[in-house]
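Summary of structural features
The chain contents come next:
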Amino acid sequence: MMNSRLVEIWVGIFVAAGLAALFMLAMQVSNLSTYSNDEGYEISARFQDTSGLKVRSPVTMAGVTIGRVKNIHFDEQTFEAVVTLRIEDQYREVLPKDTSASIYTAGLLGEKYVGLEPGGAMKVLGQGDEIRLTQDSLVLEKLIGQFISRFMDDSGDN
Amino acid sequence: MLSSLQRLGHNALGFFQRLGRAHLLLLRILEGQPALVPKFSLVIQQLYSVGVLSLLIILVSGTFVGMVLGLQGYNTLVDFGAEESLGVIVALTLVRELGPVVTALLFAGRAGSALTAEIGLMKTTEQLSAMEMMAVDPIRRVLAPRFLAGFLSMPLLAAIFSAVGVLGGYFVGVGLLGVDQGAYWSQMQANVDLYDDIYNGVIKSLVFGIVVTWIAVFEGYDAVPTSEGISRSTTRTVVHASLAVLGLDFVLTALMFGE
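The paragraphs below set out a description of the structure included in this document. Note that this is a predicted model, so its numbers are computed, not measured.

1. A closer look at the packing of aromatic side chains
All names here are of chain B.
- Counting across every chain of the model gives 7 aromatic pairs over all chains.
- Aromatic pair Tyr170 and Tyr184: ring centres 5.4 Å apart, planes at 70°, arrangement edge-to-face. You can see Tyr170 sitting in helix α6 (residues 138–176) and its partner Tyr184 sitting in helix α7 (residues 181–191), a full 14 residues away along the chain.
- With a relative accessible area of 23%, Tyr170 lands in the partly exposed category.
- For the pair Tyr184 and Trp185, a centre-to-centre distance of 5.4 Å together with 90° between the ring planes defines the contact as edge-to-face.
- Look at Tyr184 and you get buried, because its relative accessible area is 0%.
- With relative accessibility at 14%, the residue Trp185 sits in the buried group.
- One aromatic cluster is present, built from ring pairs that chain together Tyr170, Tyr184 and Trp185.

See the structure below:
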């Protein structure tokens, strides 16, 4: 029989390793570290088409993630989608008033994200403001449809 | 004709009697759990033989499973130019499925069979009866600490398996195949959810821990007290525990991830 002190030490190592593994899974593997701690401010943007965009999709400017999509809902008056963006606190009072928002796709098959492009205005966006200039999510079917109809028109002319 | 019907009935009755005995035993083991608090050294002893001694096989298999996932995932993803998603594939596969399931299968083979053989031999050599003679309840003294140790070890072992597997996938994907290191982790963090994926994986491993140890302890306690009986019980432990784990895994997956 091994002496009980050694057994206890080994069990301690085992339990510590198990807890460390759980901790690593929580912190390093999962999205816990990217959970927004409700800080920051919200701006909204209206789109005709947000297909593919999800809550928690990244909001980027110049390729750097500066916030996340907080909420997407449908406005039954204007038949538009209203997307609420939560921008991190460190970028408060930085984005110009005429910043434009577009929905892009990361790679050909990747996830959708909101890309912001700065304008030149001196005024800045604050809590609750709305982005006026938006560009919709690119829907591949529509694009192919347009392409085919144009192709048909062209061939008809000749 | 009649005798074959009788045999069928006999087997069915025997099956249900065993099932009933297993549940009664589980009830008595659970009743015995509060009494373990003052005698926690018994549990520590069992944590050593069930958990610590299983550590090596878990570490080695976790590393290799992760490495294989990295290799296979890379070869599939590279055709779509999506090898940045390798981290997601490795982590989700491990945390949701392979971590709990493979750990439970290894656990049944490594620790479950040992538990059954030990308890079965105690029964055969009448150590359990001797305890009863001394007014020591063998269920509380022998079975309860083993059950608790199995229940506690499984989630820890599964977490170690998954963590080591993710590192193994990292080693192959980033180290050998040249996936971008930042993409490996950031894509993983963006797509693995703490509640949906990791908590559910832990719940799975807790359930598997209960089932595997329960089967192992019951088979040992219910063994026919001969050398042949012990060998049969040990085999049954591994077979039944593995089947139970695979079956339950489907049910749990359907409950957790099927919407």
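2. Observations regarding the side chain of Thr99 of chain A
Residues and elements named next belong to chain A.
- Among the structural elements, Thr99 can be located in the loop between β4 (80–87) and β5 (100–105).
- By relative accessible area, Thr99 is classed as buried at 0%.
- Of the polar contacts made by the side chain of Thr99, one reaches the backbone oxygen of Pro96; its length is 2.6 Å.
- Once you skip the residues sitting within four places of it in the chain, Thr99 turns out to touch Met61, Leu116, Glu117, Pro118, Gly119, Leu125, Ile131 and Leu133.

3. Some points on the pattern of salt bridges
Residues and elements named next belong to chain B.
- As enumerated under the stated definition, the model contains 19 salt bridges over all chains in all.
- Close ionic contact of Asp137 with Arg28 constitutes a salt bridge, the shortest N to O distance being 3.7 Å. Here Asp137, found in the loop between α5 (127–133) and α6, pairs with Arg28, found in helix α1 (residues 2–32); they are 109 residues apart in sequence, far enough to count as distant.
- By relative accessible area, Asp137 is classed as partly exposed at 28%.
- With its nearest N and O atoms 2.7 Å apart, the salt bridge here joins Asp197 to Arg96. Taken as a pair, Asp197 in helix α8 (residues 194–221) and Arg96 in helix α4 (residues 86–124) lie far apart in primary sequence, 101 residues in all.
- One network of salt bridges, with partners in common, ties together Arg18, Arg21, Glu219, Asp222 and Arg236.

Cut-off values and rules
- Each chain carries its own residue numbering, running from 1 in the written order of its sequence.
- Lettering for chains starts from A, numbering for ligands starts from 1, and both go in the order in which the items are written.
- The predicted origin of the model limits local features to residues at a pLDDT of at least 70 and limits the giving and counting of side-chain atom pairs to 80 or more, whereas totals for whole chains, interfaces and linings rest on all residues.
- No hydrogens and no water enter the side-chain calculation; it runs on all heavy atoms of the structure.
- Working definition: a ring pair exists when centres of Phe, Tyr or Trp rings (six-membered ring for Trp) sit within 6.5 Å. Plane angles under 30 degrees give stacked, over 60 give edge-to-face, the rest tilted.
- Counting from the N terminus, the helices are DSSP H or I runs at least four residues long and the strands are E runs at least two residues long.
- A 1.4 Å probe rolled over the protein chains alone gives each residue an accessible area, and that area as a share of the maximum for its type sets the label: buried under 20%, exposed over 50%, partly exposed in between.
- Between N or O atoms, a polar contact is any pair within 3.5 Å; within protein, one atom must be a potential hydrogen donor and the other a potential acceptor, and residues adjacent in sequence are included only when both atoms are from side chains.
- Whether two residues touch is decided by their heavy atoms; if any such pair falls within 4.5 Å, the residues are in contact.
- A carboxyl oxygen of Asp or Glu within 4 Å of a side-chain nitrogen of Lys or Arg is what we treat as a salt bridge.

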